[in-house]
Amino acid sequence: MKRCLTWWDLTWFGFGSVVGAGIFVLTGQEAHEHAGPAIVLSYVASGVSAMLSVFCYTEFAVEVPVAGGSFAYLRIELGDFVAFITAGNILLESIVGSAAVARAWTSYFTNLLNRPSNSLRIHTNLAEGFNLLDPIAVGVLVIAATIAIISTRKTSLINWIATALNTAVILFVIIAGFAHANTSNLKPFLPFGAKGIFQAAAIVYFAYGGFDNIATMAEETKNPSRDIPIGLLGSMSIITVIYCLMALTLSMMQKYTEIDKGAAYSVAFQSVGMNWARYLVALGALKGMTTVLLVGALGQARYTTHIARAHMIPPWFALVHPKTGTPINATLLITISSALIAFFSSLDVLASLLSVSTLFIFMMMAVALLVRRYHVRQITPKTNLLKLALFLLIIISSSMGTSAYWGLNPNGWVGYAVTIPFWFLGTIGLSMLPQQREPKVWGVPLVPWLPSLSIAINIFLMGSLGAEAFERFGICTVVMLIYYVFFGLHATYDMAHLHRKAQSTEVNKEDMIGRKGP
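Residues numbered from 1 in each chain as written. Predicted model: local features only at pLDDT ≥ 70, side-chain atom pairs only at ≥ 80, totals over all residues. Heavy atoms only, no water.

## A few points about the overall build of the protein
Part 1 of the argument: Counting its secondary structure elements, the protein contains 18 helices and two strands.
Part 2 of the argument: Here the protein holds 518 residues, and the buried ones make up 57% of them.
Part 3 of the argument: Within the protein, residue pairs in contact and separated by at least 24 positions form 84% of the contacts whose partners lie at least 6 positions apart.
Part 4 of the argument: Split by element, the accessible area of the protein, about 21,100 Å² in all, is 69% carbon and sulfur. (Helix = DSSP H or I, 4+ residues; strand = E, 2+ residues; numbered from the N terminus. Buried < 20%, exposed > 50% of the residue type's maximum accessible area, 1.4 Å probe, protein only. Contact = heavy atoms within 4.5 Å. Areas by Shrake-Rupley, 256 points an atom, 1.4 Å probe, with all protein chains shown as cover.)

## Points about the nonpolar core
Part 1 of the argument: By size, the foremost hydrophobic cluster in this structure holds 149 residues, and its most contacted members are Tyr-43 and Tyr-108.
Part 2 of the argument: A per-element tally of this core places helix α14 (residues 347-374) first, with 19 residues. (Core = buried A, V, L, I, M, F, W, Y, C linked by side-chain atoms within 4.5 Å.)

## Details of the pattern of salt bridges
Part 1 of the argument: What the rule picks out here adds up to four salt bridges.
Part 2 of the argument: We note a salt bridge from Glu-59 to Arg-373, for which the minimum N-O separation is 2.9 Å. Residue Glu-59 is located in helix α3 (residues 39-63), and its partner Arg-373 is located in helix α14; the two are separated by 314 residues in the primary sequence. Of the two residues, Glu-59 and Arg-373, both sit in the buried class.
Part 3 of the argument: Salt bridges sharing common partners tie together Arg-103, Arg-121 and Asp-134. (Salt bridge = Lys/Arg side-chain N within 4 Å of Asp/Glu carboxyl O.)

## A few points about helix α10 (residues 224-253)
One full turn of an α-helix is made of 3.6 residues, so residues set three or four places apart face in the same direction.
Part 1 of the argument: Between its terminal C-alpha atoms α10 stretches 42 Å, which fits the 44 Å expected from 30 residues at 1.5 Å a residue.
Part 2 of the argument: Extensive coverage of α10 is indicated by the burial of 21 of its 30 residues. (Expected span 1.5 Å × (residues − 1).)

## What about a nonpolar patch on the surface?
Part 1 of the argument: Taken together, the side chains of Trp-7, Trp-8, Leu-157, Trp-160, Ile-161, Leu-165 and Ile-230 present a nonpolar region at the surface, about 650 Å² in accessible area.
Part 2 of the argument: For the nonpolar patch, the elements supplying multiple residues, two or more each, are α1 (7-18) and α7 (152-179).
Part 3 of the argument: If you tally residues by element for the nonpolar patch, the top one is α7, at four residues.
Part 4 of the argument: Here Leu-157 is to be found in helix α7.
Part 5 of the argument: Given the relative accessible area of 52%, Leu-157 is considered exposed. (Patch = residues over 30% accessible without salt bridge, like charges linked within 9 Å, V, L, I, M, F, W, Y side chains within 5 Å.)

## What about the packing of aromatic side chains?
Part 1 of the argument: One pass over the full model with this rule turns up 20 aromatic pairs.
Part 2 of the argument: In textbook terms, an aromatic cluster arises when at least three aromatic residues are bridged by ring pairs, as seen for Tyr-43, Tyr-208 and Tyr-243.
Part 3 of the argument: Over the ring of Tyr-279 we find Arg-278, and its NZ or CZ is 5.6 Å from the ring centre. (Phe/Tyr/Trp six-rings, centres within 6.5 Å; stacked < 30°, edge-to-face > 60°. Lys NZ or Arg CZ within 6 Å of the ring centre and 35° of its normal.)

Right, here's the structure in full:
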């Protein structure tokens, strides 16, 4: 692909790919149902987890600058099977994420037109959550994909302009919101307790999703070792601060019981007498969601391209158009799938499933980083490899134990007295092993502590989600495994066999040339 992006482009891509449906839609929904005014703490918890994942992504993106993002990194460090399961979740995250944003786009567009909620959707007799058909969401997805197909550079320019306008709207929301703030709305601050904070944090994690799209653009970045760390870390630091300020603004403008779950900020400004501002906010939200769809169409297609290059899905999806220099087939795969889901499924159905997949991928990225640092094939002693596997097992198991105990008895402490010390022991044991690989340009600081903490937080947030999310996640995983056994396994084996045969042929040619001599 063409190398045409700089750190400036990546920073705006980061902002454009993240700030959208999550903050404008899920903030109101989760403040009303789970967290109350403490929604700001939910964004802090999600932001810390997201930033830890950003560190892991950044090291990989700099050291392995290819288009496949987390799929490529996990395949290198953990092998084909783990990479395939993660690839399935990446595709699921891409498809469901785009569908969720498109559905939210329709909600704010309805508010902008000052029409009743769901008035632009087609009402049917299907099951609840799937009974409101959304043709507008389908249209928005198709338009965003078309722009992304035409040119990466032009998409970057459109994203830059739209994100700049969206930033101005966000600044207005924060400043005008605080000007009409009422601190009495913050009481009670914890109406649903600590459990509500983390339950909301697991859902609003969706608002931080999308930053991994930047890592997928390494193949199109002029100087990946410099531009990607600046783009990833810079954009995510700014986004975390903005999210916390916006969440606090909403909670101070309106009582959490009165917050509208569909278009929270527009209705909040209407409630304080700024009826004209609701239209400005709705327009800003639409621009933000549009840039999320644009950047998502770019990044998701590049994930799909790399997965197809490994033959885990048909290699036809890896083709890059010679004129546009973009992966048209991969873009169409994601767009058509997203459009079908967006047409039927409501946002609340999509958000929880999306959060499980995202948290799972980010957890696996932290595991892969630890494996990369402490294991090098044919160099690491077998005893050290066994110790690495044991300590990783202790870290993951203790994190799952903490998450399970929180779900069963959030007010207890006995379980934590067992699980948390085990997590410390696993991490300390890992820190005593010699690191086999040091990053050449940029690396995660405080290894293994930060990646180990990322594993623990991601698993903890996963455990805060409801049972329905895991049921859907389980069904999708079973479908992935069936596909892998009957297709993916054979395709990757054949691909590896062809690669070894090509290498053998090349060696034989060199031997023949060497024998002939000068």
